[in-house]
Amino acid sequence: MTALSFTCTGVRADPYAAVPTLVFRLRITAPADTRVHALALRCQLRIEPGRRSYAVPEGERLTDLFGERERWANTLHPIQFATVPLLVPGFTGETETDLPVPCSYDLEVASARYFRALDGGDVPVLLLFSGTAFAGPGGFQVTPVPWDKEASVRMPVRVWREAIDQHFPGCGWLRLPDDLMDGLLAYRSRRALPSWEATVRELLAAAEVEEPAR
């Protein structure tokens, strides 16, 4: 089995990606005398919310994910962020490579709701590796990448916001069922409203007027 170690040296937003994408920079190390012809990796990324502190406003916005703050000792579980494949070209000793990770902007997804709730600071992210190593001085020796291979990084919240804002500046995204979309479209048409923003603002304003009356 080829002995490998993984380190994440940083995270940046990809300004040229077609969708919001984070790029994790990886350093992969093998024994100095081992020729690695290729690595076929699978990387699972998890957010570890228990490894950072939260201001009061952040805690209030995280209630739907973790419950009230007094319950967080039991509810602050890791959040699945992404699972992505990566093919690493051949190297000897050590190499560095980029791991592109597309980001969901759907606020139904727990990771997107978590990031959006934060005002700043860093997010602890754990990268778990598995896959296959093709190595050996002559020909291929095919060995699995052990499941205990991992790396951790503290990703600045501003990097995630930069990736999202490159595609959806100052906006969020909601996924709605067809019948609700049809109802909203009919309401917008009846009221001759110019945009979805105007439609939702009018509905919110109407709800605020109705609520005190109750």
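As shown above, the structure is provided for reference.
Residues numbered from 1 in each chain as written. Predicted model: local features only at pLDDT ≥ 70, side-chain atom pairs only at ≥ 80, totals over all residues. Heavy atoms only, no water.

The next subject is the environment of Leu-86. Relative to the assigned elements, Leu-86 resides in strand β4 (residues 79-92). Leu-86 sits 20 residues away from Asp-106 along the chain, and the two C-alpha atoms are 24 Å apart. If sequence neighbours within four positions are ignored, Leu-86 has contacts with Leu-26, Leu-39, Ala-40, Leu-41, Thr-97, Asp-98 and Leu-99. (Helix = DSSP H or I, 4+ residues; strand = E, 2+ residues; numbered from the N terminus. Contact = heavy atoms within 4.5 Å.)

To continue, consider the sheet that holds strand β2 (residues 21-29). Judged by pairing direction, the sheet is antiparallel, and its three strands sit side by side in the order β1-β2-β5 without closing on themselves. At either margin of the open sheet sits one strand with a lone partner, and together these are β1 (5-13) and β5 (94-102). For this sheet, the mean angle separating the axes of adjacent strands, direction not counted, is 25°. Pairing analysis gives nine bridges linking β2 to β5, with the strands arranged antiparallel. From the neighbouring strand, Phe-24 faces β5, where its bridge partner is Leu-99. Sheet strands touched by helix α5 (residues 157-165): β1 and β2. Its angle to β1, the strand with the most contacts, is close to 55°. (Pairing = 2+ DSSP bridges. Axes fitted to C-alpha atoms, helices over the stretch in contact; angles between N-to-C directions.)

The subject of this paragraph is the nonpolar core. Core analysis: the largest hydrophobic core is formed by 50 residues, its most contacted members being Leu-22, Phe-24, Leu-45, Leu-99, Tyr-114 and Leu-127. For this core, the leading source of residues is β4, giving seven residues. In this structure, Tyr-114 is in contact with Ile-47, Pro-49, Arg-52, Tyr-54, Leu-62, Leu-65, Phe-66, Ile-79 and Val-123, ignoring residues within four places of it in sequence. (Core = buried A, V, L, I, M, F, W, Y, C linked by side-chain atoms within 4.5 Å. Buried < 20%, exposed > 50% of the residue type's maximum accessible area, 1.4 Å probe, protein only.)

A separate point is the pattern of salt bridges. Scanning the model with the defined rule gives eleven salt bridges in all. The closest approach of N and O atoms between Asp-98 and Arg-25, which form a salt bridge, is 2.8 Å. One end of the pair, Asp-98, is in strand β5; the other, Arg-25, is in strand β2, and 73 residues separate them in sequence. Looking at Arg-25, the relative accessible area reads 28%, which means it is partly exposed. Asp-119 serves as the salt-bridge partner of Arg-61, at 2.5 Å between the closest nitrogen and oxygen. Here Arg-61, found in helix α1 (residues 56-61), pairs with Asp-119, found in the loop between α4 (110-117) and β6 (122-135); they are 58 residues apart in sequence, far enough to count as distant. Its relative accessible area of 38% is what places Arg-61 among the partly exposed residues. Salt bridges linked by common partners bring Arg-12, Arg-25, Arg-27, Glu-94, Glu-96 and Asp-98 together as one network. (Salt bridge = Lys/Arg side-chain N within 4 Å of Asp/Glu carboxyl O.)

Before going further, it helps to examine the side chain of Glu-48. You can see Glu-48 is positioned in the loop between β3 (35-47) and α1. One polar contact links Glu-48 to Arg-51, side chain to side chain, over a distance of 2.5 Å. Once residues within four sequence positions are removed from consideration, Glu-48 is found in contact with Pro-124 and Leu-126. (Polar contact = N/O pair within 3.5 Å; in protein donor to acceptor, adjacent residues only side chain to side chain.)

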